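Close look at the chain arrangement
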Amino acid sequence: MDLAKLEMFVRVAELGSLSRAALHYDLGPSALSRQLAALESECHGRLLHRTGRGVRLTELGERILPRARVLLADAQALSAEIGEVVGVCRGTVHVACLPVIALPLITRVVLLARERYPEVVIHASDALRGQIEQSLADGTVDLGFVISVSGDKTAERPLAVSPMCLVGPAGDRLTQNGPIDFSALDGLPILLPAATEPVRLSLAELARQRGVTLNVVAEIDSVHLMKEMAAVGVGYALLSMMSIVDELKRGILSATPIVNPEIRRSIYLVASTRKVSSLAVREVSRLIRQVAEELASSGLWGEQPDLD
């Protein structure tokens, strides 16, 4: 079976669109469709239903997709292993990033990787913590950024730490009078991610312990959208300082740290335990830690974590 065609099938299935997948391969939709038709001929059945709104998997496609992913991952791992033997760092490294927080970091990492490891491709995507943890668990990504709220326990040293803040529109009274007690959040209109997100669960438990009612007026699974809503006064966001530095500089938002207790968010880099780390994954991990330390030292990305 042609692995190139199999990869195209997986890409189309993930994007749900022939035209979007065609852009990825720099092909016309008709040319990509011919490649998929050839694969379907090899499989003796249709893999995709073409619709006016995109594509969806057939029953055969549903059965093949997970095995196709495993086969492609094995082929990539074999290529990387061969590269290691001959001393060449190559392959695709899938990195799941936290939205906004990882933006300055991952951009620098990609630039460095292009210079040092021209045969390594970094595939970056963004998601919330719960989604990243799931991707790490099922092996669909090699590396992922994970947030830990104060009180969570991990043996790893964080890449950076940042205080959690109450975030509101520019000129907001509450966020311009110095640090605010956690108890003062009682009844305030709050924007938080879905109830299943680990950060939301940690805050809910802290609120329960302190007898504080979190008045969640909207559940927003997008940091960018949450900041936009906070900027126009829909509700207050609870975000780390590192995620709003740019908006504070531009005068779009105002923010103040939450104290009593102080809530600190730590950023960790986690490798998937479902995969054997290739040389490319190890080198990209090293670059991420290097750049994170440089950014933390300059004050552009959180604070340097304690060494003890």
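Quick summary incoming for the structure in this document. (Residues numbered from 1 in each chain as written. Predicted model: local features only at pLDDT ≥ 70, side-chain atom pairs only at ≥ 80, totals over all residues. Heavy atoms only, no water.)

Some words on the overall build of the protein chain
A tally of helices and strands in the protein chain yields ten helices and twelve strands. With the C-alpha coordinates of the protein chain rotated into their principal frame, the extents come out at 65 × 45 × 35 Å. Buried residues in the protein chain amount to 46% of all 308 residues. For the protein chain, restricting intrachain contacts to residue pairs at least 6 apart in sequence, the fraction spanning at least 24 positions comes to 76%. For the protein chain, the accessible area works out to roughly 15900 Å², and carbon and sulfur atoms hold 52% of it. Where the 32 positive side-chain charges of the protein chain centre and where its 36 negative ones centre are 3 Å apart. (Helix = DSSP H or I, 4+ residues; strand = E, 2+ residues; numbered from the N terminus. Buried < 20%, exposed > 50% of the residue type's maximum accessible area, 1.4 Å probe, protein only. Contact = heavy atoms within 4.5 Å. Areas by Shrake-Rupley, 256 points an atom, 1.4 Å probe, with all protein chains shown as cover. Lys, Arg positive; Asp, Glu negative; His and termini not counted. Charge placed at Lys NZ, Arg CZ, Asp CG, Glu CD.)

Some points on helix H8 (residues 223–231)
Residues of H8 that are buried include every one of Val-223, Met-226, Lys-227 and Ala-230, and no others. Viewed end-on, H8 has its buried residues packed into an arc of 100°, placing them on one side of the element. Looking at the buried residues of H8, the elements they touch are strand S6 (160–169), strand S8 (189–192), strand S10 (236–240), helix H9 (245–249) and strand S11 (253–259). Just past H8, the residue Gly-233 takes up positive phi, approximately 85°. (Arc of directions from axis to C-beta.)

Comments concerning the environment of Pro-189
Its place among the elements puts Pro-189 in strand S8. Taking the C-alpha atoms as reference, Pro-189 lies 12 Å from Leu-174; in sequence the two are 15 residues apart. If we skip the residues at most four places from it in the chain, Pro-189 touches Asn-215, Val-217, Val-234, Gly-235 and Tyr-236.

With respect to a nonpolar patch on the surface
The grouping of Val-217, Val-232 and Val-234 at the surface amounts to a nonpolar patch, some 250 Å² of accessible area in total. Mapped onto the secondary structure, Val-234 falls in the loop between H8 and S10. Judged by relative accessible area, which is 42%, Val-234 ranks as partly exposed. (Patch = residues over 30% accessible without salt bridge, like charges linked within 9 Å, V, L, I, M, F, W, Y side chains within 5 Å. Salt bridge = Lys/Arg side-chain N within 4 Å of Asp/Glu carboxyl O.)

Description of the pattern of salt bridges
Evaluation of the coordinates by the stated rule reveals eleven salt bridges. Of the charged contacts in the structure, one is a salt bridge between Asp-246 and Arg-250, with a shortest N-O distance of 3.0 Å. You can call Asp-246 partly exposed: its relative accessible area is 43%. A salt bridge links Glu-262 to Arg-264, with the shortest nitrogen-to-oxygen separation between them at 3.6 Å. Owing to a relative accessible area of 28%, Arg-264 belongs among the partly exposed residues under this scheme. Taken together, the salt bridges that share partners define one network made up of Glu-40, Arg-46 and Arg-50.

Comments concerning unusual backbone geometry
Put simply, Asn-260 and Pro-261 share a cis peptide bond, and its omega is 5°. Relative to the elements of secondary structure, Pro-261 occurs in the loop between S11 and strand S12 (264–271). At His-44, a residue that is not glycine, the phi angle is positive and equals roughly 60°. Tracing the chain through its elements places Asn-260 in the loop between S11 and S12.

A short note on the packing of helix H1 (residues 3–15) against helix H2 (residues 18–25)
Remark: H1 packs on H2, axes separated minimally by 8 Å, with the N-to-C direction vectors making an angle of 130°. In terms of orientation, H1 and H2 fall into the oblique class. Between H1 and H2 lies a crossing whose hand is right-handed. Contacts between H1 and H2 involve Glu-7, Met-8, Arg-11, Val-12 and Leu-15 from the first element and Leu-18, Arg-20, Ala-21, His-24 and Tyr-25 from the second. Per-class residue counts for the contact of H1 with H2 are six nonpolar, one polar and three charged. (Axes fitted to C-alpha atoms, helices over the stretch in contact; angles between N-to-C directions. Parallel < 35°, antiparallel > 145°, perpendicular 65-115°, else oblique. Left-handed = near helix turned anticlockwise from the far one by under 90°. Nonpolar A, V, L, I, M, F, W, Y, C, P; charged D, E, K, R; others polar.)

What about the side chain of Lys-227?
Here Lys-227 lies in helix H8. In this structure Lys-227 comes out as buried when scored by relative accessible area, which is 6%. At a separation of 3.0 Å, a polar atom in the side chain of Lys-227 contacts the main-chain carbonyl oxygen of Ser-243. (Polar contact = N/O pair within 3.5 Å; in protein donor to acceptor, adjacent residues only side chain to side chain.)

Looking at the pairing of S6
Judged by how many residues are buried, S6 sits mostly within the fold: ten of ten residues are covered. Pairing of S6 with S12 involves four bridges; the strand directions are antiparallel. Bridge assignment links Ala-160 to a residue of S12, and that residue is Ile-267. Here S6 runs beside S10; their pairing, made up of four bridges, is antiparallel. Note that in S10 the partner of Met-164 across the bridge is Ser-240. One ladder, built from five bridges, connects S6 with S11; its direction is antiparallel. (Pairing = 2+ DSSP bridges.)

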